[in-house]
Amino acid sequence: MECGLVTTMENTMPAKDQSRLAVKAARLYYYQDLTTEEIARELSVSRPTVSRLLTFARQNGLVEIRIHDPEGRPQQLEQQIQARFELKSVKVVSVPLNSREDVWLERVAGHAANHLNSLIHSDMTVGIAWGNTLEAVSKALSPKHCARVEIVQLNGSGTNQMAVDGHISDIYSRFAANYGAQAYFFPVPAFFDFPETKVAMFRERLIEGWQKMISKADLLVYSIGSEVASPPSYVYSGEYLDARDFQELKEQRVVGDIATVFFREDGTFDGIPLNDRASGPDLTLFQKAKHGLCVVSGLGKARGLRAALRGRLMTELIVDEPTAHAILQEDNT
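Residues numbered from 1 in each chain as written. Predicted model: local features only at pLDDT ≥ 70, side-chain atom pairs only at ≥ 80, totals over all residues. Heavy atoms only, no water.

## Some points on the side chain of T260
Logical step 1: Mapped onto the fold, T260 is located in the loop between β6 (254-258) and β7 (261-264).
Logical step 2: Of note is the side chain of T260, whose polar atom sits 3.3 Å from the side chain of N155.
Logical step 3: In this structure, T260 is in contact with W130, N155, A190, F191, V235, A278 and G280, ignoring residues within four places of it in sequence. (Helix = DSSP H or I, 4+ residues; strand = E, 2+ residues; numbered from the N terminus. Polar contact = N/O pair within 3.5 Å; in protein donor to acceptor, adjacent residues only side chain to side chain. Contact = heavy atoms within 4.5 Å.)

## Details of the sheet that holds strand β8 (residues 292-296)
Logical step 1: The seven strands lie next to each other as β1-β9-β8-β5-β2-β3-β4, forming an open sheet whose pairing is parallel. Across the chains shown, the open sheet's two edge strands, defined by having one partner strand only, are β1 (89-93) and β4 (182-184). For this sheet the average axis-to-axis angle between neighbouring strands, irrespective of direction, equals 15°.
Logical step 2: Note that strand β2 (residues 124-128) and strand β5 (residues 219-222) share three bridges and pair parallel. What sits directly across from V126, in β5, is L219. (Pairing = 2+ DSSP bridges. Axes fitted to C-alpha atoms, helices over the stretch in contact; angles between N-to-C directions.)

## Thoughts on the confidence of the model for the chain
Logical step 1: Here the chain averages 89 in pLDDT, while 89% of its residues score no lower than 70.
Logical step 2: Throughout residues 4-11 the model reports pLDDT below 50, and contacts reaching past four residues in sequence, or to other chains, amount to 22 contacts. (pLDDT = per-residue confidence, 0-100.)

## A word on the environment of Q82
Logical step 1: Relative to the helices and strands, Q82 resides in helix α4 (residues 73-85).
Logical step 2: The exposure class assigned to Q82 is partly exposed, which follows from its relative accessible area of 30%.
Logical step 3: With 235 residues separating them along the chain, Q82 and L317 place their C-alpha atoms 9.0 Å apart.
Logical step 4: If we ignore the near neighbours within four places in the chain, the residues touching Q82 are L87, K88, S89 and V90.
Logical step 5: There is a polar contact of 3.0 Å between the side chain of Q82 and the backbone oxygen of K88. (Buried < 20%, exposed > 50% of the residue type's maximum accessible area, 1.4 Å probe, protein only.)

## Quick notes on the environment of E196
Logical step 1: For E196, the position within the fold is in helix α8 (residues 195-201).
Logical step 2: Sequence separation of E196 and D276 is 80 residues, and the distance between their C-alpha atoms is 8.8 Å.

## Concerning helix α11 (residues 243-251)
Logical step 1: Turning to α11, its buried residues are D245, E248 and L249. For α11, the angular spread of buried residues about the axis comes to 100°, placing them on one side. Along α11, exposed side chains directed more than 90 degrees from the buried face belong to A243, R244, K250 and E251.
Logical step 2: As for α11, its buried residues are in contact with α10 (234-237), β6 and β7.
Logical step 3: For α11, the N-terminal capping position is held by D242, with its side-chain oxygen 3.1 Å away from the main-chain nitrogen of R244.
Logical step 4: One or two positions beyond α11, positive phi appears at R253, with a value near 55°. (Arc of directions from axis to C-beta.)

## Points about the pairing of β7
Logical step 1: What you see with β7 is no split at all: V261 and F263 on one side and F262 and R264 on the other are buried throughout.
Logical step 2: Alignment of β6 against β7, held across four bridges, turns out to be antiparallel. Within the sheet, the bridge partner assigned to G256 lies in β7 and is F263.
Logical step 3: Taking the residues that link successive antiparallel strands as the turn, the β6-β7 hairpin has two residues, and the phi of A259 there is positive, at about 55°.

## Quick look at a nonpolar patch on the surface
Logical step 1: A surface patch of nonpolar side chains, amounting to about 340 Å² of accessible area, comprises Y29, Y30 and Y31.
Logical step 2: Mapped onto the elements of the fold, Y30 is located in helix α1 (residues 15-31).
Logical step 3: The class for Y30 is partly exposed, based on a relative accessible area of 31%. (Patch = residues over 30% accessible without salt bridge, like charges linked within 9 Å, V, L, I, M, F, W, Y side chains within 5 Å. Areas by Shrake-Rupley, 256 points an atom, 1.4 Å probe, with all protein chains shown as cover. Salt bridge = Lys/Arg side-chain N within 4 Å of Asp/Glu carboxyl O.)

## Overview of helix α9 (residues 205-215)
Logical step 1: Taken together, the buried positions of α9 are I207, W210, M213 and I214. End-on, the buried residues of α9 take up no more than an arc of 115°, which puts them together on one face. Residues of α9 that are exposed and point over 90 degrees away from its buried face: R205, K212 and S215.
Logical step 2: Looking at the packing, one finds that the buried side of α9 touches β2, β3 (149-153), β4, α8 and α12 (284-287).

## Quick look at the nonpolar core
Logical step 1: Counting 87 residues, the largest nonpolar core has I81, L116, F175 and F263 as its most contacted members.
Logical step 2: Among the elements that line this core, the one with the most residues is helix α5 (residues 101-119), at six residues.
Logical step 3: In contact with I81, other than residues within four places in its own chain, are E86, L87, V90, V92, L317, A324, I327 and L328. (Core = buried A, V, L, I, M, F, W, Y, C linked by side-chain atoms within 4.5 Å.)

## A few points about unusual backbone geometry
Logical step 1: The step from S230 to P231 runs through a cis peptide bond, and the omega angle for that step is 0°.
Logical step 2: Of note in this structure, A259 is not a glycine but carries a positive phi near 55°.
Logical step 3: Here A259 shows up in the loop between β6 and β7.
Logical step 4: Take A259: its relative accessible area is 6%, and that puts it in the buried class.
Logical step 5: Despite not being glycine, T260 has its phi angle at roughly 60°, a positive value.
Logical step 6: When its relative accessible area of 2% is taken as the criterion, T260 is described as buried.

Right under this line is the structure:
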């Protein structure tokens, strides 16, 4: 079964026919400037059906809308970041002048949620990290039902107080419900107490199965964690790290993390002791990913984002305009 918009068409039709009709409607609307009434007459459907076909085309990636601003500041930033860090794609999201960072996150999350509908389709495995940004994205999703999609938690979220953080599991439940997918939770601590405990646990068949799933993932979706973000990223503000951990991160000159695995300002991550206890995947997974989508918002994450870019830890980036400007400024210092 092909992916389908979760809306009942007036005339039930196979998904492939629906896609073909949606393309015809989009061509008439965007290329020939016909009204929905004119398109309805030509296709022998109702005007509401035309509106649903156009929505279907946008949400399923059949139509991509880009606005080319004559002054082009966001496009200029996109081009500079893409060229400097050799990314497949960059989207800089405009935000209102003098707006708060929570507004930036809302704009970025909304754009990322819409973009995911063009990336996620039937027969996919999607690995997703957790945190404030991914929570915002999960709440902004628009329904798209797909077949045989696997949503896989990239890193554990348990603490000393609870085996599974319900606040975090909600993120995966939303993604699964949105795409009609199967969610695969990772019921282990975010950090093990001892490296040898992690080594032993990762030999278990259950964990080996999880590792195989994320190694074959068609898409990874994640953000950059930062202690100095506003608010601080969840791994730093929750009860995951103690005073000794924070001291170790300072000594190692850590500037951020992806899926609770830490990295330095030059993008390196080897030799950081806390990573030996982290349940998240080795960051080489992100360097070698088929498609790694990183979604970032907030000036407090600029330093970490720049380091991740230097480490080649993503293939595609969605970021707000002030943060995009900041990483380019920092990169010139």
